[in-house]
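Close look at the chain arrangement
Residues per chain are reported as follows:
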Amino acid sequence: MSVTAAAGFRAAGVTAGLKPSGRPDVALVVADGPEAHAAAVFTTNRVEAAPVTWSREVVADGRARVIVLNSGCANACTGPEGFADTRTTAEHAGSRLGVDPGDVVVCSTGMIGERLPMDTLLAGVDSAAAALTDDGGGDAAVAIMTTDTRPKEVAITGDGWTVGGMAKGAGMLAPALATMLVVLTTDAVTTPADLDAAVRAASAATFDRVDSDACMSTNDTVVLLASGASGVEVTVEELTARVHEVCADLARRLVADAEGARHDVEIEVVDAADETDAVEVARAVARSNLVKCAIFGGDPNWGRIVSAVGTTTARFDPRAIDVTINGVQVCRATGVGDDRSLVDLDDRHVHVVIDLHEGSGARGTVWTNDLTHDYVHENSAYST
């Protein structure tokens, strides 16, 4: 149910010693082919980690055969030395696996501003290479975790071909890209151009709609590899639909594992002037700490929601906003609606619907979570 669910892939996850906890921290994903097509999207943070700079160049030609991932150190803000460490990692993995370093994607996650202990990392790459199997996806998913409480994996098979994936992420979840490491694999026969179109479209509608805390990392990477091992040719529409389905599942898992969260909050904006307006409004509400605190406290405070809506540039009549929380319309025409004490916020899932009444039917959804004591504690003590 992970990156090795698709044919033509092997993976492994091992403990190298990068994490003081002694938990697994180095993973490999290898595309055995016959094809080695690749596409990726990366963080738009202008302060990008060395592995992002390297990997952006690797996938520029639409090819990649190996992905090296480590947790425990982000290798970000480490200067020329950090980039040299990334290059060394790719060269070492390439030599070990008989692959050109220019076909080796490198991903890192962990603390910013620290150099990787290269002897430890490279020994881990050797161990992972020796452990590669066609059912090693689960081990790889564990090895990329940082503050995650559980691995995140999914695979969808049908019509003779598969898309699988694994993700890491539990905090610093914000869009453009979103804050995560994601590896997606497919055994479909496709082209680099179609892969690129599929991963961009799917990411824009899923990972870009995850907004846990409005904080964007330096290392975000989503890579899609295609082995062609199924022998089944697919259209770009078919590929995009299945990749979207896998990404949507992983995105939900990221929100559900957000650090210390007690509620997964779906902010759905309907009848906006267009999708851009809908997403802008949903994101403004998702990023409101007042809204997030109210949900944590079990308070369906719709006033905080409409206040957040009013900060946007979206088109709407400020006197015509409706808000429904878990099926109860607590705000009608930007005024008092049904008794808000009827809203049940005991369940993990909270569904907020904001109707802008612009007449176009356009809609958009952003997922977030509540703001809890545990989230503050986790992130106040992360580096210590």
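Residues numbered from 1 in each chain as written. Predicted model: local features only at pLDDT ≥ 70, side-chain atom pairs only at ≥ 80, totals over all residues. Heavy atoms only, no water.

1. Some words on the pattern of salt bridges
What counts is decided by this rule: Between Lys or Arg on one side and Asp or Glu on the other, a salt bridge is scored when a side-chain nitrogen of the former is within 4 Å of a carboxyl oxygen of the latter. Secondary structure counts use DSSP, requiring at least four H or I residues in a row for a helix and at least two E residues in a row for a strand, with both numbered from the N terminus. Only protein chains enter the area calculation, which uses a 1.4 Å probe; residues under 20% of their type maximum are buried, those over 50% are exposed, and those in between are partly exposed.
Per the counting criterion, the structure on display carries 16 salt bridges. A salt bridge links Arg 96 to Asp 126; its shortest N-O distance comes to 3.8 Å. You can see Arg 96 sitting in helix α2 (residues 79-97) and its partner Asp 126 sitting in helix α3 (residues 118-131), a full 30 residues away along the chain. Overall, Arg 96 belongs to the partly exposed group, its relative accessible area being 41%. In this structure, Glu 275 engages Arg 209 in a salt bridge whose closest nitrogen and oxygen atoms are separated by 2.7 Å. Of the two residues, Glu 275 sits in helix α7 (residues 275-286) while Arg 209 sits in the loop between α5 (192-205) and β9 (221-226), which places them 66 residues apart along the sequence. Using a relative accessible area of 14% as the deciding quantity, one classes Arg 209 as buried. Each of Asp 274, Asp 277 and Arg 315 takes part in a single network of salt bridges with overlapping partners.

2. So, the sheet that holds strand β5 (residues 104-109)
Note the following rule: Paired strands, in this sense, are two strands between which DSSP finds at least two bridges. Every axis in this analysis is a line fitted to C-alpha atoms, fitted for helices over the stretch in contact. Angles between the N-to-C directions lie between 0 and 180 degrees.
The strand order across the open sheet built from four strands is β1-β2-β4-β5, with neighbouring strands paired in mixed fashion. Among the strands making up the open sheet, the edge pair consists of β1 (9-14) and β5. Within this sheet the neighbouring strands show an average axis-to-axis angle of 10°, counted without direction. Looking at chain direction, strand β2 (residues 26-31) and strand β4 (residues 66-71) are connected through five bridges and run antiparallel. Note that in β4 the partner of Ala 27 across the bridge is Leu 69.

3. Considering the packing of aromatic side chains
To keep it simple, the criterion reads: Aromatic pairs are defined between Phe, Tyr and Trp rings, using the six-membered ring for Trp, whenever the two ring centres lie within 6.5 Å; interplanar angles under 30 degrees are classed as stacked, those over 60 as edge-to-face, and all others as tilted. Charge over a ring is defined by NZ of Lys or CZ of Arg lying within 6 Å of the ring centre and within 35 degrees of the ring normal.
Taken as a whole and assessed by the stated rule, the structure comprises one aromatic pair. Note that Arg 242 overlies the ring of Trp 161, its terminal NZ or CZ placed 3.9 Å from the centroid.

4. Considerations on the confidence of the model for the protein chain
We apply this condition: For every residue, the predictor assigns a confidence score, pLDDT, that lies between 0 and 100. By definition, residues are in contact when any of their heavy atoms lie within 4.5 Å.
Of all residues in the protein chain, 94% attain a pLDDT of 70 or more, and the chain-wide mean is 92. Scored below 50 in pLDDT, residues 174-178 shows 30 contacts in the model against residues more than four places distant or in partner chains.

5. Considerations on the packing of α2 against α3
Our working rule: The labels follow the angle: roughly parallel below 35 degrees, roughly antiparallel above 145, roughly perpendicular from 65 to 115, and oblique for the rest. If you view the pair so one helix is near and one far, a crossing is left-handed when the near helix is turned anticlockwise from the far one by less than a right angle, and right-handed when it is turned clockwise.
Running from N to C, α2 and α3 cross one another at 30°; their axes reach a closest spacing of 10 Å. In terms of orientation, α2 lies roughly parallel with respect to α3. Our pair here, α2 against α3, has a crossing hand that is right-handed. Contact residues: α2 offers Asp 85, Thr 88, Thr 89, His 92, Ala 93, Arg 96 and Leu 97, while α3 offers Met 118, Leu 121, Leu 122, Val 125, Asp 126, Ala 129 and Ala 130.

6. Some details on the pairing of β5
In terms of burial, β5 is a largely internal element, six of the six residues being buried. Residues Val 104, Val 106 and Ser 108 point to one face of β5 and Val 105, Cys 107 and Thr 109 to the other, with burial holding for every one of them. Bridge count between β4 and β5: six bridges; the pairing is parallel. Looking at the pairing, Asn 70 lines up with Ser 108 of β5.

7. Topic: the side chain of His 37
Secondary-structure assignment places His 37 in strand β3 (residues 37-42). Judged by its relative accessible area of 19%, His 37 is buried. With residues near it in sequence (within four places) discarded, His 37 still touches Gly 62, Ala 64, Thr 190, Thr 191, Pro 192, Leu 195, Leu 224, Leu 225 and Ala 226.

8. Observations concerning the environment of Ala 49
The residue Ala 49 is located in the loop between β3 and α1 (50-58) in this model. Judged by its relative accessible area of 0%, Ala 49 is buried. For the pair Ala 49 and Gly 113, spaced 64 residues apart in the sequence, the C-alpha separation amounts to 9.6 Å. Contact partners of Ala 49, with chain neighbours within four places excluded, come to Ala 74, Asn 75, Ala 76, Thr 218 and Asn 219.

9. Brief notes about the state of the cysteines
By definition, a disulfide links the sulfur atoms of two cysteine residues through a covalent bond. Going by this rule: Cysteine sulfur atoms are paired as a disulfide whenever they come within 2.5 Å of each other.
Taken as a whole and judged by the stated rule, the model has zero disulfides. With no disulfide partner, Cys 73 has as its closest neighbouring cysteine sulfur the one in Cys 77, 11 Å distant.

10. A closer look at α2
Counted only if it meets this: How far a helix is expected to stretch is found by multiplying one less than its residue total by 1.5 Å. This arc is taken over the directions from the axis of the helix to the C-beta atoms.
With 19 residues, α2 extends 28 Å between its outermost C-alpha atoms, agreeing within 8% with the 27 Å of an ideal straight helix rising 1.5 Å per residue. All of the buried residues in α2 are Gly 82, Asp 85, Thr 86, Thr 89, Ala 90, Ala 93 and Gly 94. Projected down its long axis, α2 carries its buried residues within an arc of 165°, all on one side. Across α2 from its buried face, at more than 90 degrees, point the exposed residues Pro 80 and Ser 95. Buried-residue contacts for α2 involve α1, β4, β5 and α3. In the segment just after α2, Gly 98 is the residue with positive phi, at about 70°.

11. Description of the sheet that holds strand β12 (residues 328-332)
What the six strands build is an open sheet, ordered β13-β12-β11-β14-β10-β15; its pairing is mixed. The two strands at the open ends of the sheet, each matched to only one other strand, are β13 (335-336) and β15 (362-369). Running at roughly 20° to β15, α7 makes contact with β10 (264-272), β14 (349-355) and β15 of the sheet.

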